[in-house]
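# What the coordinates show
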Amino acid sequence: PTPSSMSTPTITPTVIKKSIVLLEVPFTAQAPFGEWQDPRQQDACEEASVLMSVRWVRNEPIESKEKARQELLAISKYQEDTFGEYRDTSAKDTADRLIKGYYKYANFIVQNITSADDIITELDRGNLIIVPLNGQVLGNMSFTQPGPERHMLVVKGYNRQTQQFITNDP
């Protein structure tokens, strides 16, 4: 995977390895009211991951489920109007189209991840990671089984004792 790493100027990189790294990222589901029959929300994991991440770097809350729904639909419309499609974008396309294009935010990188240590290093630096994954191997009980082949989520922390990542999974 080639996740996007987003940093905020207010967080200074840390060299002290705490047992738990946890960035306080606002959360929204990709279908805030459970309207899974709407294909725009059904395929909005990229949009929701970017929405959470951009709000974090800008230190802005997600005010309500209704506001999140409105913004997710606006992002989908922007993509459809601009690119002719809103579904299942790659990490690079998600970064270019949504983070840079829709939100006009440029302080991010898209890079290849070769190990869990790569993600942990970015978290230790105070950076958030948006990562594309095969949702069918995540074991998420909330998914309609077998789960989505293509899924995106936000990695916002790591627990060194349990060796588990902490995520906002839309």
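Residues numbered from 1 in each chain as written. Predicted model: local features only at pLDDT ≥ 70, side-chain atom pairs only at ≥ 80, totals over all residues. Heavy atoms only, no water.

### Quick word on the packing of aromatic side chains
Under the convention used in this document: Aromatic pairing here means that ring centres of Phe, Tyr or Trp (its six-membered ring) are within 6.5 Å. Orientation follows from the plane angle: under 30 degrees is stacked, over 60 is edge-to-face, and everything else is tilted. Three labels apply to residues, based on accessible area from a 1.4 Å probe with only protein chains included: buried if under 20% of the type maximum, exposed if over 50%, partly exposed otherwise in between. By the criterion adopted, a ring carries a charge over it if an Arg CZ or a Lys NZ lies within 6 Å of its centre and within 35 degrees of its normal.
Evaluation of the coordinates by the stated rule reveals 4 aromatic pairs. Consider the rings of Y102 and Y103, whose centres lie 4.9 Å apart with planes at 80°: the pair is edge-to-face. In this structure Y103 comes out as buried when scored by relative accessible area, which is 8%. Members of the aromatic cluster, joined through ring pairs, are Y78, F83, Y102 and Y103. Looking at R97, its charged tip hangs above the ring of F83, at a distance of 4.3 Å from the centre.

### Things to note about the pattern of salt bridges
Stated precisely, the cut-off is as follows: What makes a salt bridge here is a side-chain nitrogen of Lys or Arg within 4 Å of a carboxyl oxygen of Asp or Glu, nothing more.
Tallying each qualifying case throughout the model produces 10 salt bridges. Note that D38 and R40 form a salt bridge whose closest N and O atoms lie 2.8 Å from each other. Taking relative accessible area as the criterion, D38 reaches 11% and is therefore assigned buried. Residues participating in the shared-partner salt-bridge network are R55, E60, E63 and E71.

### Comments concerning the nonpolar core
The criterion, for reference: Note on terminology: a nonpolar core comprises buried Ala, Val, Leu, Ile, Met, Phe, Trp, Tyr and Cys residues joined through side-chain atoms within 4.5 Å. The helix and strand labels rest on DSSP assignments: H or I over at least four residues marks a helix, E over at least two residues marks a strand, and numbering proceeds from the N terminus. Working rule for contacts: check all heavy atoms of both residues, and any pair within 4.5 Å makes them a contact.
Within the largest apolar cluster, 34 residues are counted, with the highest numbers of intra-cluster contacts made by V50, I99, L123 and V155. Only α2 (45-57), α3 (65-83), α4 (91-102), α5 (116-124), β4 (128-133) and β5 (151-159) provide two or more residues apiece to this core. At 8 residues, the largest contribution of residues to this core is made by α2. Sequence-distant contacts of V50, that is, excluding residues within four places in its chain, are made with T94, L98, I99, Y103 and I130.

### Here's the deal with the side chain of Q79
We count it as follows: Nitrogen and oxygen atoms within 3.5 Å of one another constitute a polar contact, given that in protein one can donate a hydrogen and the other can accept it, and given that sequence-neighbouring residues count only through two side-chain atoms.
Within the element layout of this structure, Q79 appears in helix α3. Here E47 takes part through its side chain, which lies 2.6 Å from a polar atom of the side chain of Q79. The contacts of Q79, once residues within four sequence positions are left out, are E47, G84, E85, Y86, T89, R97 and L98.

### Some remarks on α4
Taken residue by residue, α4 has A91, T94, A95, R97, L98, I99 and G101 as its buried positions. Looking at the residues trailing α4, positive phi occurs at K104, about 60°.

### Quick word on the packing of α2 against α3
Quick reminder of the rule: Axis lines are fitted through C-alpha atoms, for helices just across the contact stretch, and the angle between N-to-C directions can take any value from 0 to 180 degrees. In a left-handed crossing the near helix is turned counterclockwise from the far helix by less than a right angle, and in a right-handed crossing that turn is clockwise. For this classification, the nonpolar set comprises Ala, Val, Leu, Ile, Met, Phe, Trp, Tyr, Cys and Pro, the charged set comprises Asp, Glu, Lys and Arg, and every other residue, Gly included, is treated as polar.
Put simply, α2 and α3 touch, their axes get as near as 10 Å, and they point 115° apart. For the element pair α2 and α3, the recorded crossing hand is right-handed. Judged by residue contacts, E47, A48, L51 and R55 of α2 engage A68, E71, L72, I75, S76 and Q79 from α3. Split by residue class, the contact of α2 with α3 holds 5 nonpolar, 2 polar and 3 charged.

None of the figures reported here should be taken as evidence of function without further support.
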